[in-house]
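So you can see what is in the structure, the chains are spelled out below.
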Amino acid sequence: MSNKKEIQKEKTTQAVVVADTFSDEFLPITNAVPHALLPVLNKPLIDYTLEFLCLGGIEEVFLFCCSHAEEIKQHISKCINNRDGWILTMKVNVIVSESCQSFGDCLRDLDAKGLIRGDFVLLEPGVISNIPLLPLLEKHRETVKKDKYAAMTIILQEFGIGHIGWQSSEDILLATDCHNRILLFKQLGKSHTRKVEFPIEIFLENSTVNLLHNLKDTRIAICSPSVLPLYSDNFDFQTKDDLIRGLLMNEEILEGTIYTHILQGSDFGGAISSWKMYQAISKELMRKWIHPLDQPRKKNKIFKNGVVIGAGTQVTESSNVNKTILGPNVKIGKNVTLNNCFIFSDTKIEDNVSILHSVIGPECVIKANSRIFAGSIIGKGVVIENGVEVENSLIQAEIPQNGEEFVKLGNKAYQLKLSSENDRDVLLSALYKKTYRLRINDVESDEEHEVFDDFSDTEDELSYTQSPVPDDTKLFFNEVIDSLTRGFEDNLLCDNLILEINSSRYAYNVTVKEVNFNVVKAILCISVKEPIGVQYFSHLSRLLSYFAPVLKNYLRNESAMLDSLQALEDVATSNENVNEKWIIAILQHVYNKDYITEDVILDWFNNLDQSSKFRNQVKPFAEWLQEAEEASSEEEESD
């Protein structure tokens with residue numbers, strides 16, 4: 001009987017989950033909220049991970065915690081008491097070691113405890129996936145039968161440009177043999193060189209070499225028991241990537257090889273490793289792209305405009321909420337604008353507040369007339385005082401204790417400050433990477449992308465095989481047209497639309513010239529959506545009158561006026577439905593309202609292509625202006 005139990009014990013499928021990120025990526029939120037308990041659509045992140053492991057066939061999990069361990073243990077106990085689905089088939093052991101300073105330290109500690117009894121699944125922090133794990137474990141065992149040194153199979157996913165949440169920093173280039181053994185592993189986003197060098201031995205020693213890129217690491221790996229001793233024997237292995245590089249460089253010395261499995265079809269694997277991935281995976285869960293994993297639909301109220309509202313949350317009718325996740329027990333005052341935000345539980349937002357592209361931690365108070373935008377992260381318990389305006393900021397409730405410089409915004413609001421002028425560029429860059437583009441557009445074909453600037457299209461460098469990368473200006477334009485369309489349809493205050501546009505400008509890092517051009521272009525594009533008929537020009541007049549504050553805000557000088565005329569030319573020449581009457585109506589309106597001066601219009605007209613159709617369409621208005629100018633001059637002379 002004891003032998004039978006021992007055999008059963010050996011067959012237990014095990015997984016190791018490291019809960020700590022060992023980084024400051026999610027500060028100041030994670031000062032108080034463990035990364036594992038970050039709410040993802042109002043459900044703790046670790047719950048998705050455990051549900052994935054349970055559905056994947058795992059029977060025993062070792063959850064390794066270093067910080068906030070007591071909170072995580074209490075949450076696991078709560079799950080057990082609530083009889084969450086995974087407790088029926090899976091056991092979770094919480095292992096605490098406050099002395100560990102890295103991912104590698106955790107695995108060394110685990111090796112010393114001797115808890116792993118065979119092949120196991122290794123997860124880095126924040127993994128959410130729907131892949132079946134048992135077939136991958138079996139495939140890895142078959143690999144080990146053919147290659148006794150096979151230490152790890154890393155699970156990758158095709159994640160090319162155009163995919164929601166794509167990041168250049170995640171892009172991986174692989175060279176593999178015909179058995180999927182990795183010969184070269186290059187993280188393109190972390191490379192400082194434009195070129196990738198391939199050792200000649202790769203091609204001399206292998207009859208087949210596959211080159212793969214546009215891949216991302218799912219942060220899931222199938223490991224042989226030899227992985228833990230490899231970490232114990234090599235104290236410079238601090239991350240999983242260190243192990244991969246070490247084995248590829250010293251394969252014969254360390255006696256270890258690495259294989260890969262690339263996910264196909266509806267299989268999804270990813271990790272919340274940054275705020276951008278936090279938003280990307282939230283959106284994928286909302287769209288049910290990680291089936292069968294799902295948000296807690298019984299507790300959340302879900303709306304078509306990308307809004308999720310948690311239990312007990314109150315939103316006034318006069319508020320404008322768009323593409324925003326509201327946690328439980330949030331109180332929203334009157335005339336509040338929320339766009340592309342995450343508002344955690346028990347937060348109170350008072351009247352006339354605007355929050356754009358930001359994360360507000362739990363138990364915060366945002367007092368009346370405040371404005372928070374351009375990728376700000378507000379920690380737990382922060383109180384933003386009346387009328388305060390912040391952008392692209394990290395703000396926490398307590399005085400920083402690690403010697404960081406700060407600006408006191410209130411008794412419970414301390415804005416982290418750059419430490420010195422010499423470090424300004426470096427620290428700005430670090431902050432910029434954390435908060436940059438805290439948004440993903442709703443239009444699938446126009447999802448935002450980070451361009452890997454170090455690559456060009458010369459013959460000596462890598463080029464992407466998929467469609468060209470949309471540049472930031474186009475993405476900015478898409479966001480502006482989305483904001484202006486919604487504003488016109490819902491009759492929102494144009495001041496709030498200007499705030500949204502400015503926030504998008506900072507996030508996409510576009511120039512003033514590009515802002516002027518694209519704002520006017522967006523208004524004109526909205527105007528031509530209606531068919532040009534009998535009632536059209538009254539509609540056009542109403543639309544241009546509504547956007548008057550926006551036009552006045554951006555058409556402030558001759559350069560901006562010229563940008564707007566170039567936008568008119570762009571829309572007119574690219575739209576078949578536009579006719580001469582529409583063009584003259586637009587010019588007449590901006591001239592009569594003094595948005596654009598006569599001199600700017602005439603100078604612009606004189607520089608148009610003499611043979612173009614567009615110039616001929618503008619010509620009647622230009623001639624009328626010239627005649628009016630000449631008549632005015634004659635009157636002055638006669639006087």
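Look up a bit, the structure's there.
First, a word on scope: everything that follows refers to the structure included in this document. All residue numbers refer to positions counted from 1 along the written sequence of the respective chain. In keeping with the predicted nature of the model, local features appear solely for residues at pLDDT of at least 70, side-chain atom pairs appear and are counted solely at 80 or more, and the whole-chain, interface and lining totals rest on all residues. The side-chain quantities take in all heavy atoms of the structure and omit both hydrogens and water.

1. Regarding empty space enclosed by the protein
Threshold: The distinction between a cavity and a pocket rests on a 1 Å grid over the protein atoms alone: a 1.4 Å probe fits inside a cavity but cannot get out, while a pocket stays open yet meets protein on both sides within 12 Å along at least five of seven lines, and a residue with an atom within 4 Å of a point counts as lining. Grid points are joined across faces, edges and corners, and a volume is the space filled by probe spheres set on the points. Helix and strand definitions here come from DSSP, where helices need a minimum of 4 consecutive H or I residues and strands a minimum of 2 consecutive E residues; each element is numbered from the N-terminal end. All residues other than Ala, Val, Leu, Ile, Met, Phe, Trp, Tyr, Cys, Pro, Asp, Glu, Lys and Arg, Gly among them, are scored as polar; the first ten of these are nonpolar and the last four charged.
In this structure the tally under the stated criterion is five cavities of 30 Å³ or more. Size it by volume and the largest cavity reaches roughly 120 Å³. V520, L524, S564, I586 and V590 are, among the 14 residues lining the largest cavity, the residues nearest its centre. Only α14 (512-527), α17 (558-574) and α18 (580-592) provide two or more residues apiece to the lining of the largest cavity. In terms of residue count, the dominant contributor to the lining of the largest cavity is α18 (four residues). Of the residues that constitute the lining of the largest cavity, the class distribution is twelve nonpolar, two polar and no charged. Quantified by volume, the second largest cavity comes out at close to 90 Å³. Around the second largest cavity sit Q279, S282, K283, M286, G306, K323, T324, I325, N340, C341 and F342, which together line it.

2. Things to note about the sheet that holds strand β22 (residues 359-360)
Picture the strands of a sheet paired through backbone hydrogen bonds; they go either parallel or antiparallel. Rule in force here: A pair of strands is considered paired only if DSSP assigns at least 2 bridges between the two.
Strands sit in the order β12-β13-β16-β19-β22-β25-β28-β30-β29 across an open sheet of nine strands; the sheet is mixed. Of all the strands in the sheet, just β12 (301-302) and β29 (406-410) have a single pairing partner and so form its edges.

3. A word on the packing of aromatic side chains
Applied cut-off: Here a pair means two rings of Phe, Tyr or Trp (six-membered ring of Trp) with centres within 6.5 Å. Their orientation is stacked below 30 degrees between planes, edge-to-face above 60, and tilted elsewhere. To sort residues, take the accessible area from a 1.4 Å probe on protein chains only and compare it with the maximum for the residue type: under 20% means buried, over 50% means exposed, and anything in between is partly exposed.
Summed over the entire model, instances satisfying the criterion amount to 13 aromatic pairs. Between F103 and Y231, the aromatic rings sit 6.4 Å apart at their centres with planes inclined by 70°, giving edge-to-face as the arrangement. Taken together, the positions of F103 in helix α4 (residues 103-113) and Y231 in helix α7 (residues 227-233) put the pair 128 residues apart, joining distant regions of the chain. With a relative accessible area of 7%, F103 lands in the buried category. Given a relative accessible area of 0%, Y231 falls into the buried group.

4. Section: the pattern of salt bridges
The cut-off we apply is this: The salt bridge criterion pairs a side-chain nitrogen of Lys or Arg with a carboxyl oxygen of Asp or Glu, the two atoms within 4 Å.
With the rule as written, the count across this model stands at 18 salt bridges. As a salt-bridge pair, D119 and R141 come within 3.4 Å of each other at their nearest N and O atoms. Separated by 22 residues along the polypeptide, D119 in the loop between α4 and β4 (120-123) and R141 in helix α5 (residues 134-146) bring together distant segments of the chain. A salt bridge links E142 to K145; the shortest N-O distance between them is 3.3 Å. Of the two residues, E142 and K145 both sit in helix α5, three residues apart, roughly one turn of that helix. Where salt bridges share partners, they join D119, E138 and R141 into one cluster.

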